Amino acid sequence: MDSLRHLAAHLGLDLTAICLLTFAIYYPRHRRRDLVPAYLALNVALFTIVAALAEVRGSGGMALGFGLFGVLSIIRLRSDAVQHEEVAYYFTTLVLGLICGLPRLGFALAATLSGLLLLVVYAADHPRLFARARRTVITLDTVHTDPGALRADLARRLGEPHHWTVMEIDFVRDLMVVDVRYREPEPRQAGQQPGPVEARRPATPALDSV
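Thresholds applied
Residues numbered from 1 in each chain as written. Predicted model: local features only at pLDDT ≥ 70, side-chain atom pairs only at ≥ 80, totals over all residues. Heavy atoms only, no water. Buried < 20%, exposed > 50% of the residue type's maximum accessible area, 1.4 Å probe, protein only. Helix = DSSP H or I, 4+ residues; strand = E, 2+ residues; numbered from the N terminus. Arc of directions from axis to C-beta. Core = buried A, V, L, I, M, F, W, Y, C linked by side-chain atoms within 4.5 Å. Contact = heavy atoms within 4.5 Å. Axes fitted to C-alpha atoms, helices over the stretch in contact; angles between N-to-C directions. Parallel < 35°, antiparallel > 145°, perpendicular 65-115°, else oblique. Nonpolar A, V, L, I, M, F, W, Y, C, P; charged D, E, K, R; others polar. Phe/Tyr/Trp six-rings, centres within 6.5 Å; stacked < 30°, edge-to-face > 60°.

Novice: Which residues make up helix α6 (residues 147-157), and what values go with them?
Specialist: Buried within α6 we find Leu-150, Asp-153, Leu-154 and Arg-157. Down the axis of α6, the buried set is contained in an arc of 95°. They therefore lie on one face. Trailing α6 by a residue or two, Gly-159 shows a phi angle of about 150°, which is positive.

The following block contains the structure:
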């Protein structure tokens with residue numbers, strides 16, 4: 001009976017933690033409904049596996065390790081569809097299920113570790129942290145062979161560039177594709193004349209933006 005109460009308490013802690021992570025932190029910031037059931041199902045499934053392996057004992061630890069390796073491999077293979085911050089949420093979901101599912105871990109310690117994880121994710125993915133830092137892949141309608149000219153063009157179109165990587169150059173069509181990390185300019189006040197960035201937008205829209 002005590003073991004059932006212990007399991008129920010840990011399950012309640014796990015559900016509370018994953019609901020806070022999903023509905024209070026992730027969805028209000030990223031608005032991807034398709035990942036909400038993925039986070040919930042992955043967390044509860046991992047909690048169930050850990051709790052079941054704790055009961056059967058034996059070589060459960062090795063099976064758990066192979067299972068986690070398989071899950072992380074799937075996430076890596078889907079990295080083209082999932083952004084890096086969403087992979088961080090996936091990892092947090094896994095760890096919450098592991099921590100709360102460990103039967104010999106005290107409830108107070110599990111709650112403390114879970115709260116610490118939620119606090120770190122909340123702070124690390126806060127919208128005010130590097131609020132104007134942006135990344136985009138842009139197609140320019142000209143080819144710059146001079147890095148200074150390329151920097152000036154990116155600054156005029158986007159904002160202050162911090163780092164960029166030329167991904168493709170096409171001399172036939174006279175275009176280049178650049179992966180840019182830049183600082184978005186300050187929002188324009190009412191009545192203020194538009195600056196060079198607002199006056200002229202990129203000739204070709206960005207292909208990808210984060």
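Novice: Explain the nonpolar core to me, and be specific about the residues and the numbers.
Specialist: Ranked by internal contacts, the top residues of the largest apolar core, which has 16 residues, are Leu-21, Tyr-39 and Tyr-89. Taken together, the elements giving at least two residues each to this core come down to α1 (2-30), α2 (35-56), α4 (84-101) and α5 (107-124). Discounting residues that sit within four places of it in the chain, Leu-21 has contacts with Tyr-26, Tyr-89, Thr-92, Thr-93, Leu-96, Leu-118 and Val-121. Of all hydrophobic cores here, the second largest spans nine residues; its members include Leu-154, Val-178, Val-180 and Tyr-182.

Novice: Break down the packing of α1 against α4 for me, with residues and values.
Specialist: One way to put it is that α1 packs onto α4 with a least axis distance of 9 Å and a crossing angle of 170°. With respect to each other, α1 and α4 are oriented roughly antiparallel. Two secondary-structure elements touch here, α1 through His-10, Leu-13, Asp-14, Ala-17, Ile-18, Leu-21, Ile-25, Tyr-26, Arg-29 and His-30 and α4 through Glu-85, Glu-86, Tyr-89, Thr-92, Thr-93, Leu-96, Gly-97 and Cys-100. A breakdown of the residues in the contact of α1 with α4 according to their chemical character gives nine nonpolar, five polar and four charged.

Novice: Got a sec to walk through the packing of α4 against α5? Specific residues and values, please.
Specialist: Remark: α4 packs on α5, axes separated minimally by 10 Å, with the N-to-C direction vectors making an angle of 170°. With respect to α5, the axis of α4 lies roughly antiparallel. Contact residues: Tyr-89, Thr-92, Val-95, Leu-96, Ile-99 and Cys-100 in α4; Ala-110, Leu-113, Ser-114, Leu-117, Leu-118 and Val-121 in α5. Of the residues that constitute the contact of α4 with α5, the class distribution is ten nonpolar, two polar and no charged.

Novice: Report on the packing of aromatic side chains, specifying residues and quantitative values.
Specialist: Enumeration according to the criterion identifies four aromatic pairs in this entry. Where Tyr-26 meets Tyr-39, the ring centres are 5.1 Å apart and the plane angle is 85°; that geometry is what we call edge-to-face. Taken together, the residues Tyr-26 in helix α1 and Tyr-39 in helix α2 connect sequence positions 13 residues apart. Note on accessibility: Tyr-26 and Tyr-39 belong to one class, buried. Summarising the aromatic geometry, the rings of Tyr-26 and Tyr-89 are spaced 5.0 Å apart at their centres and angled 65° between planes, so their arrangement reads as edge-to-face. Pair noted here: Tyr-26 is in helix α1 and Tyr-89 is in helix α4, with a separation of 63 residues, a long-range link. With respect to class, Tyr-26 is no different from Tyr-89; both count as buried. Among the aromatic residues, those joined into a ring-pair cluster are Tyr-26, Tyr-39, Tyr-89 and Tyr-90.

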